[in-house]
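Geometric and topological summary
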Amino acid sequence: MAAAAADAVKQPLLNPRGNPEHVASASCRSLPSAPPTGVASRRFPGGLDVLNLKKRGGGTRSWIRVDSATASVQTLEVDKATMMRRCELPARDLRLLDPLFVYPSTILGRERAIVVNLEQIRCVITADEVLLLNSLDSYVLQYAAELQRRLLQRAEGDELPFEFRALELALEAACSFLDAQAAELEIEAYPLLDELTSKISTLNLERVRRLKSRLVALTRRVQKVRDEIEQLMDDDGDMAEMYLTEKKMRMEFGDQSLLGYNSVGAGASVSAPVSPVSSPTESRKLEKTFSLCRSRHDSVKSSDNTTTEHIQELEMLLEAYFVVIDSSLNKLTSLKEYIDDTEDFINIQLDNVRNQLIQFELLLTTATFVVAIFGVVAGADAPVEHSLHRTNESAVVSVPSTLLS
């Protein structure tokens, strides 16, 4: 019976035709069938809506666009893929601007754009426009309005490129915001710490604990912005990478020179030499070619000088805001030291109170020991007195009986 059952099981597998479909059907007979098309599949336990999360990550977002030429401000609805193609940025760079994620302050220089993530200001700066992530925050709206105003009221002698202007305004907004928060925290902290030193209570200790948590978080943010600015100032390559206007001009000039070379080459191929002696037409073509090479060399040399000048201007700009953010960090550091001094003072006071309690406990223990000794002595004297009293009574009673006898 067992052998027949085994043969019955092996029979589909030993098909003489060797068709793999029978094998697959035999081996997968116990698996559940896939749900039909059009029926929503069940989610995993926990209720995580992955589809909505994917839509939110790659869906359209509202952007505020500021044009460099006309200083016009408009609102755009653009998805992530369109932004990647428009600015030639990878997805990881745009992820820094996504409000669904929390990233520290970052300034990245790319081939055709600058990615800026400074506190509330999250934008992509190109040589022609600024794409600012739309938000209800007042700093974002103020940034767009102030950039528009500065573009309209541009001074005649000011030759700072557009991308440096936009970056400068982003640094100004971030540094002003952090400095305002540091000043607000400083105004709130000193009276609270003075009150704690005069009166140590649970309520004051809790308020100081919350204040210290805010201070640590703000210090970390200010330190990150400071490190980003310092890293940019220390690297000339990163600053040159942010000069987008120069790279745009080089690309345009390269295209024009390429067209010129193609036209010269086409003319040379049409006219074939008739004699070994060069004709006047060919000599003019060679002169034109040499002039193009010379002009290109001169333009590249002048562009290098211009790039060096603008890098120096950018370094001076970054240095100015580095001083501002470093001042804010010094304020927070001084406040942290004041909090540490206050904690040391409170610990000294608590140690003093603890020492007084220990002294009082020692005195109380000594007094208790003395009282216990007196109690022991008094308890030992009581039986002796009682025995003497009984001896005296017995002596008094025995005297009359003797006399009577």
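This one's a predicted model, so the numbers in the text were calculated from it and none came from an experiment.

1. Here's the deal with the nonpolar core
The biggest cluster of nonpolar side chains holds 62 residues, and the ones touching the most others in it are Val-130, Tyr-143, Leu-171, Ile-229 and Leu-318. Elements that contribute at least two residues to this core include exactly β1 (61–67), β4 (114–118), β5 (121–125), β6 (129–133), α6 (138–152), α7 (162–198), α8 (202–234) and α11 (280–404). Among the elements that make up this core, the one with the highest residue count is α7 (18 residues). Residue contacts for Tyr-143: discarding those within four places in its chain leaves Ile-121, Cys-123, Val-130, Leu-132, Ala-166, Leu-169 and Ala-170. Trp-63, Val-78, Leu-97 and Val-124 belong to the second largest nonpolar core, which has 15 residues in total.

2. A short note on a nonpolar patch on the surface
Among the surface-exposed residues, Phe-369, Val-370, Ile-373, Phe-374 and Val-377 lie close enough to one another that they form a single nonpolar patch of about 490 Å² accessible area. Among the structural elements, Phe-369 can be located in helix α11.

3. Remarks on the sheet that holds β1
Strand order across the open sheet formed by 6 strands is β2-β1-β6-β5-β4-β3, with antiparallel pairing between neighbours. Each of the sheet's edge strands pairs with one partner strand only, and the pair in question is β2 (73–78) and β3 (106–109). Direction aside, neighbouring strands of the sheet carry axes that sit 20° apart on average. With 5 bridges joining them, β4 and β5 adopt antiparallel strand pairing. By the bridge assignment for β5, Asn-117 is matched with Arg-122. Sitting on the sheet, α6 is in contact with β1, β2, β5 and β6, with an inclination near 20° to β1.

4. Re unusual backbone geometry
Positive phi values are uncommon outside glycine, yet Glu-88 reaches one of about 55°. Counting through the fold element by element, Glu-88 comes out in the loop between α4 (80–87) and α5 (91–95).

5. A look at the pattern of salt bridges
For the structure on display, the rule yields 23 salt bridges. Between Lys-212 and Glu-343 there is a salt bridge whose closest N-O contact spans 3.1 Å. Of this pair, Lys-212 sits in helix α8 while Glu-343 sits in helix α11; the two residues are 131 residues apart in sequence, bridging distant segments of the chain. By relative accessible area, Glu-343 is classed as partly exposed at 30%. Between Lys-336 and Asp-340 there is a salt bridge, with its nearest N and O atoms 3.1 Å apart. Residue Lys-336 and its partner Asp-340 are both found in helix α11; the two are separated by 4 residues, about one turn of the helix. On the accessibility criterion, Asp-340 (24% relative accessible area) is partly exposed. A network of salt bridges, in which partner residues are shared, links Arg-65, Asp-67, Arg-86 and Glu-129.

6. A word on the packing of aromatic side chains
The tally for this structure, following the rule as stated, stands at 4 aromatic pairs. Consider the rings of Tyr-190 and Tyr-338, whose centres lie 4.9 Å apart with planes at 65°: the pair is edge-to-face. In this pair, Tyr-190 sits in helix α7 while Tyr-338 sits in helix α11, placing the two residues 148 residues apart along the sequence.

7. Focus on the packing of α6 against α7
Between α6 and α7, the shortest axis-to-axis distance is 10 Å and the interhelical angle comes to 140°. In terms of their interaxial angle, α6 and α7 are classed as oblique. Seen from above, α6 lies across α7 with right-handed handedness. Of the residues in α7, those touching α6 at Tyr-139, Tyr-143, Glu-146, Leu-147, Arg-150 and Leu-151 are Phe-162, Arg-165, Ala-166, Leu-169, Ala-170, Glu-172, Ala-173 and Phe-177. Considering only residue class, the contact of α6 with α7 consists of 10 nonpolar, no polar and 4 charged.

8. Some details on α8
The end-to-end C-alpha distance of α8, which contains 33 residues, comes to 48 Å, matching closely the 48 Å that a straight helix rising 1.5 Å per residue would cover. The set of residues buried in α8 consists of Asn-204, Val-208, Leu-211, Leu-215, Leu-218, Val-222, Val-225, Arg-226, Glu-228, Ile-229, Leu-232 and Met-233.

9. Some words on the confidence of the model for the protein
Per-residue confidence for the protein averages 76 on the pLDDT scale, and 65% of its residues sit at or above 70. Within the model, pLDDT remains below 50 along residues 8–32, and this stretch shows 4 contacts once partners closer than five positions in the same chain are excluded. A low-confidence stretch, residues 38–42 stays under pLDDT 50, and its non-local contacts, those more than four residues away or across chains, total 0 contacts.

Procedures and definitions
- The residue numbering used here restarts from 1 in each chain and proceeds along that chain's sequence as written.
- Given that the model is predicted, a residue must reach a pLDDT of at least 70 before its local features are reported, and side-chain atom pairs must reach 80 or more before they are shown or counted; all residues, however, enter totals for whole chains, interfaces and linings.
- The side-chain numbers reported here are obtained from all heavy atoms of the structure, hydrogens and water having been left aside.
- To qualify as a nonpolar core, a set must consist of buried Ala, Val, Leu, Ile, Met, Phe, Trp, Tyr and Cys residues joined through side-chain atoms within 4.5 Å.
- Only protein chains enter the accessibility calculation, which uses a 1.4 Å probe; a residue whose area is less than 20% of its type maximum is buried, one above 50% is exposed, and one in between is partly exposed.
- Here a strand is any run of E in DSSP of at least two residues, a helix any run of H or I of at least four, and the numbering for each starts at the N terminus.
- It only takes one pair of heavy atoms within 4.5 Å for two residues to be counted as in contact.
- Only residues whose relative accessible area exceeds 30% and that form no salt bridge enter a patch; like-charged residues are grouped when within 9 Å of one another, and nonpolar side chains (Val, Leu, Ile, Met, Phe, Trp, Tyr) when within 5 Å.
- Working definition of accessibility: Shrake-Rupley area with a 1.4 Å probe, residue cover restricted to the visible protein chains.
- We define a salt bridge as a side-chain nitrogen of Lys or Arg found within 4 Å of a carboxyl oxygen belonging to Asp or Glu.
- Only strands that DSSP links by at least two bridges are regarded as paired with each other.
- Whenever a helix is involved, its axis is fitted only over the stretch in contact; in every case the axis is a line through C-alpha atoms, and angles between N-to-C directions fall within 0 to 180 degrees.
- Only centres within 6.5 Å qualify two rings of Phe, Tyr or Trp (six-membered ring in Trp) as a pair; their planes then separate them into stacked at under 30 degrees, edge-to-face at over 60, and tilted for everything else.
- Oblique is the label for any angle not covered by the other classes, which are roughly parallel (under 35 degrees), roughly antiparallel (over 145) and roughly perpendicular (65 to 115).
- Here a crossing is called left-handed whenever its near helix is offset anticlockwise from the far helix by less than a right angle, and right-handed whenever the offset is clockwise.
- Three categories are distinguished: nonpolar for Ala, Val, Leu, Ile, Met, Phe, Trp, Tyr, Cys and Pro, charged for Asp, Glu, Lys and Arg, and polar for the others, with Gly belonging to the last.
- The span you would expect from a helix comes to 1.5 Å times its residue count less one.
- What pLDDT expresses is the predictor's confidence in each residue, scored from 0 to 100.

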